[in-house]
Amino acid sequence: MYPDQPYLTVPEINSCLVNKYEGSESYLPKHSDCEVSIHPESSIFTISLGQSCDIKFTERESGSVSSQSCPDRSLYVMSRRSQEVFDHEIEQGSMSDGTRYSLTFRCVSWTHKNSTCMIGDSNTRFLRFGSHRRGTFGEQMPGQKFWAPKIRDIDPVSCMGYSNVVLLCGINDIKESHVQCEKDVADCYAELKLKIKQIKLLSPSTKAVFVCQLLPTKDLTLNRKVNDFNRLLHFDLFPTCKDVEFVEGFNQFVCNRVLAAELSMHLDRHGRFDMLHLNRAGGRVLAGMTDDKMKKIDDQLKKTKADTKRLAGRPRNKVLRSPQKSLTGSSSDDYCPCKKYMEGELSVECQSCLKFWHLYCVGLKGLSEEMVESLENWQCSDCYLCPHSYKEKITSTSSSGTMKVMIRDELNAIQPVIKVTVENAVRNILSKSVCSKEDVEGVVKSYAAVARESQKEVIQQAALAQSSKKVVESVVRQMDADKVEREKRRSNVVVLSAPEPEKEASAEQKKKEDKNFCSNVLGIPLKDVETCWRAGKIDVSKPDYLRPLVIKLKSEGLVEEWTKDGKGYKTESGFWINKDLCAADRKANFLAREQRRTRLQKT
Ligand SMILES: O=C(O)CCC(=O)C(=O)O
Ligand SMILES: [Fe+2]
């Protein structure tokens, strides 16, 4: 029935059901062998003994009927999966007088009631379960794992007969460079939704489809798409699809700027080149944020609440909202050193130098006017020593050194409170499935509450988080740009020193000439060429310069073919054909060549 599926499958046969039919009046009512206790991969073998009979098969969906005659001493085989689609029966009158025995062999066990199949991408790689060779989720839940890097690879047929289906897929789809906006993410989600529909249609005996949220990655840009995807799961799939269970992930975590930066700081140290997986270390960071510290957090929270109460009613900090021009008596020197006008941006006054600083510029963006006012004795980073110089100077024995030791001790003391308070706020939003603006504000507020005690520390933390975030973000941005560029050039090859077409010719004629060059000189048949063009503009100051000829081929395979597996080669006519590399790859190749050259010179 499904030629690409193994028909006779492996599980060992452990049961034999014997039916005895006596006389022509005997019959077997319409049914299918789809009990959940039959192994989903088990084939069903039936031997007929005594006399022949006809087995009638009805396709449930269409009602179409066919029959199979089973002579004495014959064997017929059905797949377990076919039971989701067909009913079978033996009608009255199909046997003659006399006795018929049928022996039906299957793999049956009560544990298969909970059989589970998981279909997913590389994030399922450490999840082990199924038959003993693959590990198990627990003796009560045997199952199979199927590999599906992309949503399109999910094969609904492979879910047939499993009581539970777990899907963890989508990250590789939204990672694609053509998935740019929320709508593109929604298209990926729609594909997944269709797969779920197909699964439910094909496998009526499946009790529930579990859909996992996508996990955050080390790639902050990608995490935005992760959030969009998870939001759709939450707001569309979960409420509208019956029997779809939702598997919570960590999407709220990446909604939060401060924590996303903190996360990236942790994760960047491990597996630098793999931006997609948090790996074990990253997973531990996430898990650590949610589980391990809960008890401690609860205790600390009580203490923090008490501290916050004690601090209420202190003098308020000055706060200012742009436009700055409306300010009387403040020269531009008094204003934020960024010297940029940011409409509506709040600013905070440093209590030492009396300059106003944009909240954005000092890493306090997100705080409300009220929160800023409640910061006590706020100082800018010019007046407040940054932690690095602080550490260097701390060893001096001057009187100000003693003062700094005191400050350091104070800061060390407040450190756990900050961590705990923020973690608690995060925990609260983690229990929800999607993080709202208010939730994020809650986290920032908790930061601000601690800030009343020591806003210097908050600034340090924010500054640290921001600087690491900036580095990560710029690397990610560059990598993303490279990815897009690589994608664009995927099916191109480049030819250097190809003679330029006649200057006077029309654009169309020039293109024709270049195409003729491809086929007549280089030998690339025109059926393989999508289009071609010249890279760059004609430079009148360099009359001898020949612009590279870029040829877009019909497929990537042709690029490999025409560049001899990407290495590049010289045609018989003496022109080099190379892959069209992006700037980053060209540079990498250049450096590799240089290294090779230096090595050769040394030897
Ligand atoms: O007797 C047969 O050939 C069919 C038996 C059967 O379908 C069953 O026992 O479920
Ligand atoms: Fe049956």
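Sequence order as written defines the numbering, with residues in each chain counted from 1. Chain letters start at A and ligand numbers start at 1, both assigned in the order the entries are written. Since the coordinates come from a predicted model, pLDDT governs what is reported: local features require at least 70, and pairs of side-chain atoms require 80 or more to be given and counted, while whole-chain, interface and lining totals use all residues. In computing side-chain values, all of the structure's heavy atoms are included and hydrogens and water are not.

A. Spatial organisation of the nonpolar core. In this structure, I154, L167, I174, L192 and F229 are the most contacted members of the largest nonpolar core, which totals 30 residues. Every helix listed is a DSSP run of H or I at least four residues long, and every strand listed is a run of E at least two residues long, numbered separately from the N terminus. Looking at which element gives the most residues to this core, the answer is helix α2 (residues 182-202), with six residues. Residue contacts are defined here by distance: any two heavy atoms, one from each residue, within 4.5 Å place the two residues in contact. Excluding residues that lie within four positions of it along the chain, F229 makes contacts with I151, C169, G170, I174, V185, C188, Y189, L192 and L214. Counting residues in each nonpolar core, the second largest holds 18 residues, with V495, C532, V559 and I577 among its members. As used here, the term nonpolar core means buried Ala, Val, Leu, Ile, Met, Phe, Trp, Tyr and Cys residues forming a set that is joined through side-chain atoms within 4.5 Å. The classification of residues rests on relative accessible area computed with a 1.4 Å probe and restricted to protein chains. Under 20% of the type maximum is buried, over 50% is exposed, and intermediate values are partly exposed.

B. The arrangement of the packing of aromatic side chains in detail. Aromatic pairs are defined between Phe, Tyr and Trp rings, using the six-membered ring for Trp, whenever the two ring centres lie within 6.5 Å; interplanar angles under 30 degrees are classed as stacked, those over 60 as edge-to-face, and all others as tilted. In the structure shown here, the tally under the stated rule is three aromatic pairs. Note on Y189 and F229: the rings are 6.4 Å apart at their centroids and 85 degrees apart in plane angle, and the pair reads as edge-to-face. Here Y189 is found in helix α2, whereas its partner F229 is found in helix α3 (residues 220-240), with 40 residues between them in sequence. The class of Y189 is buried, set by a relative accessible area of 5%. Exposure remark for F229: the relative accessible area of 0% places this residue in the buried category.

C. Spatial organisation of the side chain of T58. Residue placement: T58 occurs in strand β4 (residues 53-59). Assessed through its relative accessible area of 9%, T58 is described here as buried. Among residues more than four places away in sequence, those in contact with T58 are K30, G63, S64, V65, V85, F86, D87 and E89.

D. Seen up close, the coordination of the iron ion (ligand 2). Only nitrogen, oxygen and sulfur atoms within 2.8 Å of the metal, or 3.2 Å for Na, K and Ca, are treated as donors, and water is left out, so sites may look incomplete. Those donors, H31 (NE2), D33 (OD) and H88 (NE2), are the protein atoms that reach the iron ion (ligand 2), and they lie 2.1 to 2.3 Å from it. Taken in chain order, the donor set of the iron ion (ligand 2) reads H-x1-D-x54-H. In this pair, D33 sits in the loop between β2 (28-31) and β3 (43-49) while H88 sits in strand β7 (residues 86-90), placing the two residues 55 residues apart along the sequence. The exposure class assigned to D33 is buried, which follows from its relative accessible area of 6%.

E. Structural detail: the pattern of salt bridges. Take a side-chain nitrogen of Lys or Arg and a carboxyl oxygen of Asp or Glu: if they are within 4 Å of each other, that pair is a salt bridge. Throughout the structure, instances matching the rule amount to 20 salt bridges. As a salt-bridge pair, R597 and E594 come within 3.4 Å of each other at their nearest N and O atoms. Note that R597 and E594 are positioned in helix α14 (residues 583-602) at a spacing of three residues, about one turn of the helix. Among the residues examined, E594 registers a relative accessible area of 34% and is labelled partly exposed.

F. Broad picture of unusual backbone geometry. Positive phi values are uncommon outside glycine, yet R73 reaches one of about 65 degrees. Even without glycine at this site, S497 takes up a positive phi of about 60 degrees. Mapped onto the elements, S497 comes out in the loop between β17 (492-495) and α12 (507-522). The exposure class of S497 is partly exposed, given its relative accessible area of 44%.

G. Quick peek at the sheet that holds β7. Read from one edge of the open sheet, four strands run β2-β7-β4-β5, paired in antiparallel fashion. The two strands at the open ends of the sheet, each matched to only one other strand, are β2 and β5 (65-70). Direction aside, neighbouring strands of the sheet carry axes that sit 20 degrees apart on average. Two strands qualify as a pair provided that DSSP identifies no fewer than 2 bridges between them. Every angle, taken between N-to-C directions, lies between 0 and 180 degrees, and every axis is a line fitted to C-alpha atoms, over only the stretch in contact when it is a helix.

H. Quick peek at the sheet that holds strand β19 (residues 549-553). If you walk across this open sheet you meet the five strands as β18-β19-β17-β21-β20, and the pairing is antiparallel. Strand pairing shows two members of the sheet lacking a second neighbour, β18 (529-534) and β20 (569-570), which therefore form its edges. Pairing between β20 and strand β21 (residues 576-579): two bridges, direction antiparallel. Bridging across to β21, K570 finds its partner in W576. Packing of α12 onto the sheet brings it into contact with β17, β18, β19 and β21, and relative to β18 it is tilted by some 115 degrees.

I. Spotlight on the confidence of the model for the protein chain. This prediction gives the protein chain a mean pLDDT of 73; 61% of its residues lie at or above 70. Contacts for the low-pLDDT stretch residues 250-259, under 50 throughout, to residues beyond four places or in other chains number 41 contacts. Contacts for the low-pLDDT stretch residues 385-404, under 50 throughout, to residues beyond four places or in other chains number 14 contacts. pLDDT is defined as a per-residue confidence score from the predictor, taking values between 0 and 100.

J. Spotlight on the side chain of R100. Assignment of secondary structure puts R100 in strand β8 (residues 99-106). Neither His nor the chain ends is counted toward charge; the positive residues are Lys and Arg and the negative residues Asp and Glu. For the buried R100, no salt bridge exists, and the shortest N-O distance to an oppositely charged side chain is 7.8 Å, to D72. Setting aside its immediate chain neighbours within four residues, R100 contacts N19, K20, Y21, S48, L49, Q51, C53, I90 and M95.

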